[in-house]
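Here's the letter readout for the chains.
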Amino acid sequence: MTPNSTSEFYAVGGTMSVDAPSYVERKADRDLLEHLLAGDFCYVLTASQMGKSSLMVRAADRLRQQGVALVMLDLAAGGQNVTLDQWYDGLLLRVGQQLQFEDELEDFWVSNGRLGPCERFFTALREVALPCLGNLPAGPAANQQRLVLFVDEIDNVRSLPFPTDEFFAAILECLNHRSQDPALERLTFCLLGIAMPADLIKDPNRTPFNIGHRIELADFTAKEARHFLSGLDRNQLPMVEPEAVLDRVIYWTHGHPFLTQQLFSEMARRGRDCGPATGPVCVDRLCEELFLSARARESNDNLLFVRERLVRTRADLVTLLDLYEKVLAGEPVLDDEQSAEINQLRLAGIVRTEGHRLAVRNRIYREVFNLGWVQQVKPLAELETPEGQRIRIRSNFTLGRTDANDLSLPDIKVSRRHALLQKQANNELLLVDLGSRNGTFLNSQRVTAASLLRDKDRIGIGPYRLVFHQPNAPRRDADHPTTLDRTVFEP
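Residues numbered from 1 in each chain as written. Predicted model: local features only at pLDDT ≥ 70, side-chain atom pairs only at ≥ 80, totals over all residues. Heavy atoms only, no water.

Considering the overall build of the chain
Secondary structure summary: the chain contains 17 helices and 18 strands in total. Across the 491 residues in the chain, those meeting the buried criterion constitute 52%. At a minimum sequence separation of 6, the contacts of the chain that also span at least 24 residues come to 64%. Looking at the chain as shown, the accessible area adds up to about 23500 Å², and 47% of this sits on carbon and sulfur atoms. (Helix = DSSP H or I, 4+ residues; strand = E, 2+ residues; numbered from the N terminus. Buried < 20%, exposed > 50% of the residue type's maximum accessible area, 1.4 Å probe, protein only. Contact = heavy atoms within 4.5 Å. Areas by Shrake-Rupley, 256 points an atom, 1.4 Å probe, with all protein chains shown as cover.)

Written out as structure tokens, the structure is:
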């Protein structure tokens, strides 16, 4: 298979260069540039592979043309194994490198050690960076004293060994103090990442991050996606009708930036290898290979991101998947920006808003993340530890002192193999004591026979108190009590 030179037109994955031929300008490009030139704080917070970084690069190029000084800070570049002081020092170092007055900022950092790291960083911007802008090559008079800081990959702060609430609170303060400090009118921030505004400041005692203009990165419309037809060589694809191809791609992707570009790129790359099939048939075949096949589901970067974002959520997975099931079934689920579960679905990129209701993002996702997939990954129940951690239960589940158990409870009062949660055919779970020395307790009563677990039941094992969660658990009538002879013990 010889790659088609027209495939170079497309850019699948990664940040696109300013002159990338397949870049499609959206309303977000115009909105972001307009707001930043006006000095407005902005944020672009959405799912992965929507084009956030490419949007930033294009906006930065246009701002430079307008004479605006700018810095692009990638929060993923500073690493995670750092102290609070090192993190802020590293940010300021990158500011200095990009503005070409590194020495001035470093001198300020070293000579103001009495200030905390966060205060030192933002004071350096105010007292050193802004005054030094006058030494840069002159741009348009209205813009040459302006500084825009792009802060990309902000979701990486979750992996740092210290809280970063004060960083985002300080950004908020820069805007709130503009009326008292006119110099701050010249400083603007744009935040980008996979997060929601409410995620930025977690401390309930701080003012929530509720400022700035939200820039929406929507899927391509059919009109916008028509630009991708420019990369197809009609000599290499004689059977392809451009409009039919475009319609079929949108049928599958709904204009999702990554999926749409990948489909067009593969069609261009393969050329005549698509065979005599018509355009729509060729698109269907490529969809099957790239996204719908068993191999694709385990290897496609975008599908893996969506899956991992859902199943590794910090939210209640059962509640999240129950909500997604409703959307999948076409039940009316109203959009609500205050709902943590809906925001999680949004950040995974699996839903979109249609009118005021949620809908599955596109037909590819509907096929891959279908009801069968939901049933496969949804836990039967969860056990909540005293620390608040939730352990997911999908099948038979053992508890005991050693690491050989599904949940290790390291205490001398816990037997090596202490208790078992036994799955029954109808997804009921029974609590069984495995002959432990000190006993297993259910709601303060010692377990002497296999006992049906119900939502919010309390399990006591040695010094540990665990809470059982199964909101949609089946309920047994009082006439059919659970008995020990129904239990099948593991060997």
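Description of the sheet that holds strand β15 (residues 445-446)
The six strands are arranged β9-β8-β18-β17-β14-β15 in an open sheet whose pairing can be described as antiparallel. The outermost strands of the open sheet, each flanked by one partner alone, are β9 (390-393) and β15. (Pairing = 2+ DSSP bridges.)

Some points on unusual backbone geometry
Despite not being glycine, glutamate 153 shows a phi value in the positive range, around 60°. Checked against the element boundaries, glutamate 153 lands in the loop between β3 (147-152) and α6 (165-176). Take glutamate 153: its relative accessible area is 28%, and that puts it in the partly exposed class. Of note, asparagine 443 is a non-glycine position whose phi angle comes to about 55°, a positive value. The topology assignment puts asparagine 443 in the loop between β14 (440-442) and β15. Of the residues examined, asparagine 443 reaches a relative accessible area of 29% and is grouped as partly exposed.

A word on the confidence of the model for the chain
Looking at the chain as a whole, its pLDDT mean stands at 87, while 89% of the residues score no less than 70. By mean pLDDT, the top-scoring element of the chain is helix α16 (residues 363-368) (98), and the lowest-scoring one is helix α7 (residues 197-200) (82). Between residues 1-5, whose pLDDT stays under 50, and residues either more than four places distant or in other chains, the model counts 10 contacts. (pLDDT = per-residue confidence, 0-100.)

With respect to the side chain of asparagine 300
Residue position: asparagine 300 is located in the loop between α12 (294-297) and α13 (301-311). Only 3.0 Å separates the side chain of asparagine 300 from the backbone nitrogen of asparagine 302, close enough to count as a polar contact. Within polar-contact distance, the side chain of asparagine 300 engages the backbone nitrogen of leucine 303 at 3.1 Å. Residues within four places of asparagine 300 in sequence aside, it is in contact with Phe258, Gln262, Leu290 and Phe291. (Polar contact = N/O pair within 3.5 Å; in protein donor to acceptor, adjacent residues only side chain to side chain.)

Here we look at the pairing of strand β18 (residues 464-469)
Bridge analysis of strand β8 (residues 381-384) against β18 gives three bridges, and the strand direction is antiparallel. Its bridge partner lying in β18, glutamate 384 is registered against valine 467. Here strand β17 (residues 458-461) runs beside β18; their pairing, made up of four bridges, is antiparallel. Each bridged residue has a counterpart across the sheet, and for isoleucine 461 the counterpart in β18 is tyrosine 464. Here β17 hands over to β18 after two residues, with glycine 462 in that stretch at a positive phi of 55°.

As for the packing of helix α10 (residues 257-270) against helix α11 (residues 279-292)
Helix packing for two helices is described by the angle between their axes and how far apart those axes are. Where α10 contacts α11, the axes come no closer than 10 Å and their chain directions differ by 115°. The angle between α10 and α11 places the two elements in the roughly perpendicular class. Crossing of α10 against α11: the hand is right-handed. In this structure, α10 contributes Leu259, Gln262, Leu263, Glu266, Met267 and Arg270 to the contact, and α11 contributes Gly279, Cys282, Val283, Leu286, Cys287, Glu289, Leu290 and Phe291. When the residues that make up the contact of α10 with α11 are grouped by side-chain class, the tally is nine nonpolar, two polar and three charged. (Axes fitted to C-alpha atoms, helices over the stretch in contact; angles between N-to-C directions. Parallel < 35°, antiparallel > 145°, perpendicular 65-115°, else oblique. Left-handed = near helix turned anticlockwise from the far one by under 90°. Nonpolar A, V, L, I, M, F, W, Y, C, P; charged D, E, K, R; others polar.)

Let's talk about the nonpolar core
Grouped together as the largest cluster of nonpolar side chains are 52 residues, with contacts concentrated most on Phe264, Phe291, Ile350, Ile364, Tyr365 and Phe369. Setting aside residues no more than four positions away along its own chain, tyrosine 365 makes contact with His256, Leu259, Asn302, Leu303, Val306, Tyr324, Gly349, Ile350, Val360 and Asn370. Counting residues in hydrophobic clusters, the runner-up holds 51 residues, among them Phe108, Ile154, Leu172 and Phe189. (Core = buried A, V, L, I, M, F, W, Y, C linked by side-chain atoms within 4.5 Å.)

Let's talk about the packing of aromatic side chains
The relative placement of two aromatic rings is captured by the distance of their centres and the angle of their planes. Summed over all chains, the structure comprises 19 aromatic pairs. The interplanar angle of 85° and the centroid separation of 5.1 Å between the aromatic rings of phenylalanine 121 and phenylalanine 122 together place this pair among those described as edge-to-face. Residue phenylalanine 121 shares its accessibility class with phenylalanine 122, and that shared class is buried. Judged by centre distance (5.0 Å) and plane angle (75°), the ring pair of phenylalanine 369 and tryptophan 373 falls under edge-to-face. As far as burial versus exposure is concerned, phenylalanine 369 and tryptophan 373 are alike and both buried. Aromatic ring contacts, followed pair by pair, group Phe41, Trp87, Tyr88, Phe121, Phe122, Phe162, Phe167, Phe168 and Phe189 into a single cluster. A cation sits over an aromatic face here: arginine 120 above tryptophan 109, 4.0 Å from the ring centre. The lysine or arginine in question, arginine 363, covers the ring of tyrosine 251, its NZ or CZ lying 3.9 Å from the ring centre. (Phe/Tyr/Trp six-rings, centres within 6.5 Å; stacked < 30°, edge-to-face > 60°. Lys NZ or Arg CZ within 6 Å of the ring centre and 35° of its normal.)

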